[in-house]
Amino acid sequence: MSTRITIPIGPQHPLLKEPLSFMITVEGERVVDSALRLGYVHRGIERLCQTKTYVQNLHLFERVCGICSHVHTTAYCQGVEALLGLEVPLRGLYLRTLLCELERVHSHLLWLGVLGENIGFQTIFMYAWRDREIALDIMEELSGGRVTHSGNVIGGVRIDVGDAQFSSIVSRLNDLEQRVEKLLGVIQHERTLRVRTQGIGYLSPEEIRRYCVVGPVARASGVDVDLRRDCKYAAYGRLHVNVALAHEGDVWARTLVRAREAIESLRLCRQLLVGLPEGPTRVRAPRRVPPGEVVSRAEAPRGELLYYIRSDGSDKPARVKIRTPTLTSLITVHDQLEGVETADVSVVLSGIDLCIACVDR
Amino acid sequence: MNIPRILELLQEVLPAARLEVQTVPIDEHFISLPPDNLHAAVRALLERSDVYHLSTITGQDLDGQIELLYHFWQGGGLTLRTGLPRDRARIETITDLIPGASFYEREIAEMLGVTFLGHPDPQPLFLPEDWEGDPPLRREFALPEEREEGE
């Protein structure tokens, strides 16, 4: 008869980049049960924002996440702009979308590095993070910030691309695309990576639907959802987005989907730069917002991001609800962990691309 | 999303309620329901329409009631709105229909003091175990700096 042992992972643990608590019960080498506890980086942002003005909140919401900061302000700004009835100039929308796509490339490469490190494949960690620098450099050049760009303002963006920058950015995007293609080849053919990720953390399309999972995790199980194509917010209505899909439903499929998405994002970045319309990048927005409600959605690197905003007519929001995509995949961790070997726990946890700061808010 | 068809379906399931669609930006349709009908409405959506994706549940403390918004999405947004009395805020769970609602209900339970009847795991998710005081998103909850100002 084997004994059951409960192992705490977190809140402070070398495996985790951010604090959360997993209690994992093992029987020999197999995981038989797990329990999750969140809130160790809860900053009370949904309550705090009620005491700040709409403009101050721009900077608060940018700090919900330290990876996908720009998409948070994108969802927030387009919500407030809808309440104000503001029409953002096309050039502003294109530049907003450009940062969204660069951010997706940087987020997916960061994730690939983290996966590499967690499976003991340091080479891919080094390469992915080296190549990610190109995307970070471009974003820094455009906005002045590597991860918190403050690119969005209510009514448009505060960044612009000059003629002198144009060709330099395009040539670096081409270089980066070749590098990501090479990484994709490694994911497809390198045996070490396949052995560690194939068949691990399987989710069926039915499970994805029952748990309402979004983003690359859903697409890796063959569920064809992508708000960039389905919602056509920002400048996506003017672009043709090819949605990356896989059907295996395991961590390997999630790796493939994210690498293909990064390549597609680089293609979209070039398309945005080449088609960048002339004109202003922003319009002035009033400080007070008329009473009303809005539901604003955007496709973050990890999937559907939702902002519900209610205004009572003052210069501060009456309620902002943020639902970040990682929360949807965390619900599935219990099912994914059941029956896996303890050595694969880190692979399962990496597979869903945890962003705890996002989840806790 | 075929909103007239969904309204017709919900009206058929809930003949006693008078349902209306309110359209808000961005492509979102709100339908208000009495709290007792919510579970039946969600069941009808899942079983008799193509809607299955619950984006999240928003809870907010309004004048006189706790309002819950169930945001669905299927090529367009659909939100079911319902209100609960502040002193007896309780509603049937929908986790039996949509297991993915579990975390959203737990968050609202601890942040707004709503009881979800029949929830399989009604523990706090974000707040510390030893949390004392009002649920933080209730109006009576004051931030530390607001407390100092009041004293």
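Just so you know, these numbers come straight off a predicted model, no measurement behind them.

Procedures and definitions
- Residues numbered from 1 in each chain as written.
- Chains lettered and ligands numbered in written order.
- Predicted model: local features only at pLDDT ≥ 70, side-chain atom pairs only at ≥ 80, totals over all residues.
- Helix = DSSP H or I, 4+ residues; strand = E, 2+ residues; numbered from the N terminus.
- Buried ≥ 20, exposed ≤ 12 C-beta atoms within 10 Å, placed from the backbone.
- Contact = placed C-beta atoms within 7 Å.
- Nonpolar A, V, L, I, M, F, W, Y, C, P; charged D, E, K, R; others polar.
- Pairing = 2+ DSSP bridges.
- Core = buried A, V, L, I, M, F, W, Y, C linked by C-beta atoms within 7 Å.
- Axes fitted to C-alpha atoms, helices over the stretch in contact; angles between N-to-C directions.
- Parallel < 35°, antiparallel > 145°, perpendicular 65-115°, else oblique.
- Left-handed = near helix turned anticlockwise from the far one by under 90°.
- Expected span 1.5 Å × (residues − 1).
- pLDDT = per-residue confidence, 0-100.

(A) Focus on the overall build of chain B. Per the secondary structure count, chain B includes four helices and seven strands. Walking chain B from its N terminus toward its C terminus, one meets helices and strands in the order α-β-β-α-β-β-β-β-α-β-α. For chain B, the spread of C-alpha atoms along the three principal axes comes to 55 × 30 × 30 Å. Across the 151 residues in chain B, those meeting the buried criterion constitute 35%. Excluding contacts between residues fewer than 6 apart, the proportion of contacts in chain B whose partners are at least 24 apart in sequence is 50%.

(B) View of the interface of chain B and chain A. In this complex, chain B contributes 28 residues to the contact, which on the side of chain A involves 30 residues. Broken down by secondary-structure element, the contributors of at least two residues to the side of chain B that touches chain A are strand 3 (54–62), strand 4 (65–73), strand 5 (77–85) and helix 3 (102–112) of chain B. With five residues, the top contributor of residues to the side of chain B that touches chain A is strand 3 of chain B. The residue inventory of the side of chain B that touches chain A, partitioned by class, reads 16 nonpolar, eleven polar and one charged.

(C) Layout of the pairing of strand 4 of chain B. Residues and elements named next belong to chain B. Across the nine residues of strand 4, seven count as buried, placing the element largely inside the fold. For strand 3 and strand 4, the ladder comprises eight bridges, and the chain directions are antiparallel. Looking across to strand 4, one finds that I57 is bridged to Y70. Connecting the antiparallel pair strand 3 and strand 4 is a turn made up of two residues, with G64 showing a positive phi of about 80 degrees. As paired elements, strand 4 and strand 5 share nine bridges and run antiparallel to each other.

(D) Structural view of the nonpolar core. Membership of the largest hydrophobic core comes to 140 residues, with the highest contact counts inside it found for A:V80, A:L102, A:L112, A:L266, A:Y307, B:I108 and B:V114. Here the element with the most residues in this core is helix 4 (residues 90–118) of chain A; it accounts for 13 residues. Contact partners of A:V80, with chain neighbours within four places excluded, come to A:Y54, A:I154, A:V289 and A:I309.

(E) How the structure looks around the packing of helix 5 (residues 122–143) of chain A against helix 6 (residues 163–189) of chain A. Residues and elements named next belong to chain A. For the pair helix 5 and helix 6, interaxial distance at closest approach is 10 Å and the crossing angle is 160 degrees. Judged on the interaxial angle alone, helix 6 and helix 5 are roughly antiparallel. The way helix 5 lies across helix 6 gives a crossing that is left-handed. Taking contact as the criterion, the partners of I124, Y127, A128, D131, I134, A135, I138 and E141 in helix 5 are, on helix 6, Q165, I169, R172, D175, L176, R179, V180, L183 and V186. A per-class count over the contact of helix 5 with helix 6 returns eleven nonpolar, one polar and five charged.

(F) Spatial organisation of helix 11 (residues 251–274) of chain A. Between its first and last C-alpha, helix 11 of chain A extends 35 Å over 24 residues, near the 34 Å set by a 1.5 Å rise per residue. Counting buried residues in helix 11 of chain A gives 18 out of 24 residues, a clear majority hidden from the surface.

(G) Region of interest: the confidence of the model for chain B. Residues and elements named next belong to chain B. When pLDDT is averaged across chain B, the result is 87; 96% of the residues are at 70 or more. Taken element by element, chain B is modelled with least confidence in helix 4 (residues 144–150), mean pLDDT 64, and with most confidence in strand 4, mean pLDDT 93. Overall fold confidence (pTM) sits at 0.90, and the ipTM for the predicted complex is 0.89.

(H) View of the environment of A:A220. Here A:A220 shows up in the loop between helix 9 (215–219) and helix 10 (227–230). Residues A:A220 and A:L245 lie 25 residues apart in sequence; the distance between their C-alpha atoms is 5.8 Å.

(I) Spatial organisation of the sheet that holds strand 7 (residues 303–311) of chain A. All names here are of chain A. Strand order in this open sheet of three strands is 6-7-8, and the pairing throughout is antiparallel. The open sheet is flanked by strand 6 (292–300) and strand 8 (317–323), the only strands paired with a single partner. Neighbouring strand axes in the sheet, compared pairwise and without regard to direction, differ in orientation by 15 degrees on average. Strand direction decides the pairing type here: strand 6 and strand 7, joined by nine bridges, are antiparallel. Considered in strand 7, the bridge of V295 is made with Y308. Packing of helix 3 (residues 69–84) onto the sheet brings it into contact with strand 6 and strand 7, and relative to strand 6 it is tilted by some 150 degrees.

(J) Inspection of the sheet that holds strand 3 (residues 30–37) of chain A at higher detail. All names here are of chain A. Read from one edge of the open sheet, three strands run 1-2-3, paired in antiparallel fashion. Looking at which strands have only one partner, the edges of the open sheet turn out to be strand 1 (4–9) and strand 3. Strand after strand, the sheet turns through a mean of 20 degrees between neighbouring axes, direction not considered. Where strand 1 and strand 2 (residues 21–27) come together, six bridges link them in antiparallel fashion. The partner of I9 across the bridge, within strand 2, is F22.

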